Amino acid sequence: MSAVQRHAVVAGAGIGGLTAALALHRRGWRVTVCERAPGPTAVGAGIVLAPNALRAFAAIGFDPTRAAGRTVPAAMGLRRPDGRWLSRADGAALAARYGGPPLALHRSALTGALTAALPAGTVRYGAAVSSVDDADGSPVVRTGAGDLAGADLVVAADGIHSPLRRQYFPDHPGLRHSGETAWRTVLPAPASRAGTETAETWGRGERFGVVPLADGRIYLYATAVAPAGHRPADLRSELLRRYGTWHDPIPALLERIDPGAVLQHDLYDLAAPLPRFHHGRLAWLGDAAHAMTPNLGQGGCQAVEDAVVLGHLLADTGPADVPAALAAYSAARCARTDAIRVRARRAGRIAALTHPLAVAVRDLAVRATPAGAAYRAMDALFDGFALPDGMHTVPAGVGTRW
């Protein structure tokens, strides 16, 4: 480890930014996280941490199960609106194949646990990063709360609309609308979880997901083919019209939603890959680097991978060697994340089919796919994370409470 105290500024206190802060802190860096929000928030929805993200967390000694306990889903899979299963994966089989099952929890529980693992005062709220001046090789981070000078590293974890991406890649085409909008909310824990298995239901240009969270609550999400900017005047009526006749427990869950607690976002991904994830002493990660649609559930997981790889490569790096380490970070992350971005886009197109014949063929193909082939398709996602030195990370169950 370098004898010189190194200082990193992280733009954004989302999952990727906080994981990067923790990875760097545990490698001896002094870290300042600048966040635009005025303070911590409980607003948000659920996230499913796939085995690859859990392995990455284990590599830095962070246990996300402490945020919300641990449950092993009995099954998960795809259904039709009439309730028939198209495919179903056994939770125990997933755990055996990948070292542990996915973990579903509220985003605020995860960000709260990451923040608590950092030194007090690391996160500065109400300090949105507007730009970074890196002209002389010593970045000056400009925020609404004042400038921060003398950083050895700046991590741009400033989200899908990243101002720092626009600043340093002005010729990049930016975001591409997927043609869909999405609604997300979290319901209080029900008296019984009967019938609330982890499942996604595919209709014609519409999807509905049910994910029991580790703390007992239920995460719901829905997508529909719709133009960008579509906002229904009566949200409850819109959701009931689209999904109210689908299989149980969807109608009953829709009756329980609070329209004011439903988040709606149009779905975007990057129109093209960034040429690299670094510039001098700046590094991009998560949605700022490789925004992808949520069809594979890998957006947050890839941000976690980014952060852990970044911390690993900067572990024993002195301030003068940061640019070379960031070039290695780009080399380690660009191909994997872009392959997943493209795969997520293709999966979304299949799931969003609207023509009855195309939907029938899609559903038949899913039902006909052998379980072994389905698992092999997941292997590249769940088993594809390794540190850049070629060594695999800590197995998913090591150092965590499975």
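Residues numbered from 1 in each chain as written. Predicted model: local features only at pLDDT ≥ 70, side-chain atom pairs only at ≥ 80, totals over all residues. Heavy atoms only, no water.

Asks: Can you tell me about the overall build of the chain, naming the residues and giving the values?
Replies: Helices and strands together make up the secondary structure of the chain, namely 12 helices and 18 strands. A compact globule built from 402 residues would reach a C-alpha radius of gyration of about 21 Å, and the chain, at 21 Å, matches this within 12%. With the C-alpha coordinates aligned to their principal axes, the bounding extent of the chain is approximately 60 × 45 × 40 Å. Buried residues in the chain amount to 52% of all 402 residues. Sequence-distant contacts in the chain: of pairs separated by 6 or more residues, those separated by 24 or more amount to 74%. (Helix = DSSP H or I, 4+ residues; strand = E, 2+ residues; numbered from the N terminus. Rg over C-alpha atoms; globule rule 2.2 N^0.38 Å. Buried < 20%, exposed > 50% of the residue type's maximum accessible area, 1.4 Å probe, protein only. Contact = heavy atoms within 4.5 Å.)

Asks: Which residues make up the nonpolar core, and what values do they have?
Replies: The biggest cluster of nonpolar side chains holds 79 residues, and the ones touching the most others in it are Leu49, Leu110, Leu153, Trp284 and Leu314. If sequence neighbours within four positions are ignored, Leu153 has contacts with His7, Ala8, Val9, Leu24, Trp29, Arg281, Leu314, Val322 and Leu326. Core analysis: the second largest hydrophobic core is formed by 17 residues, Val210, Leu220, Leu239 and Val262 among them. (Core = buried A, V, L, I, M, F, W, Y, C linked by side-chain atoms within 4.5 Å.)

Asks: Give me the packing of aromatic side chains: which residues, what numbers.
Replies: One pass over the full model with this rule turns up 8 aromatic pairs. When the centroid spacing of 5.0 Å and the interplanar angle of 90 degrees are considered together, the rings of Tyr98 and Phe382 count as edge-to-face. Here Phe382 lies in helix 12 (residues 371–382) and Tyr98 lies in helix 3 (residues 91–98), a separation of 284 residues in the sequence. You can call Phe382 buried: its relative accessible area is 11%. Put simply, the rings of Tyr168, Phe169 and Trp284 touch in pairs and so form one group of aromatic residues. (Phe/Tyr/Trp six-rings, centres within 6.5 Å; stacked < 30°, edge-to-face > 60°.)

Asks: Summarise the environment of Gly348; cite the residues concerned and give the values.
Replies: Mapped onto the elements of the fold, Gly348 is located in helix 10 (residues 322–351). What makes Gly348 buried here is its relative accessible area of 4%. The spatial distance from the C-alpha of Gly348 to the C-alpha of Leu296 is 8.6 Å, given a sequence separation of 52 residues. In this structure, Gly348 is in contact with Glu180 and Asn295, ignoring residues within four places of it in sequence.

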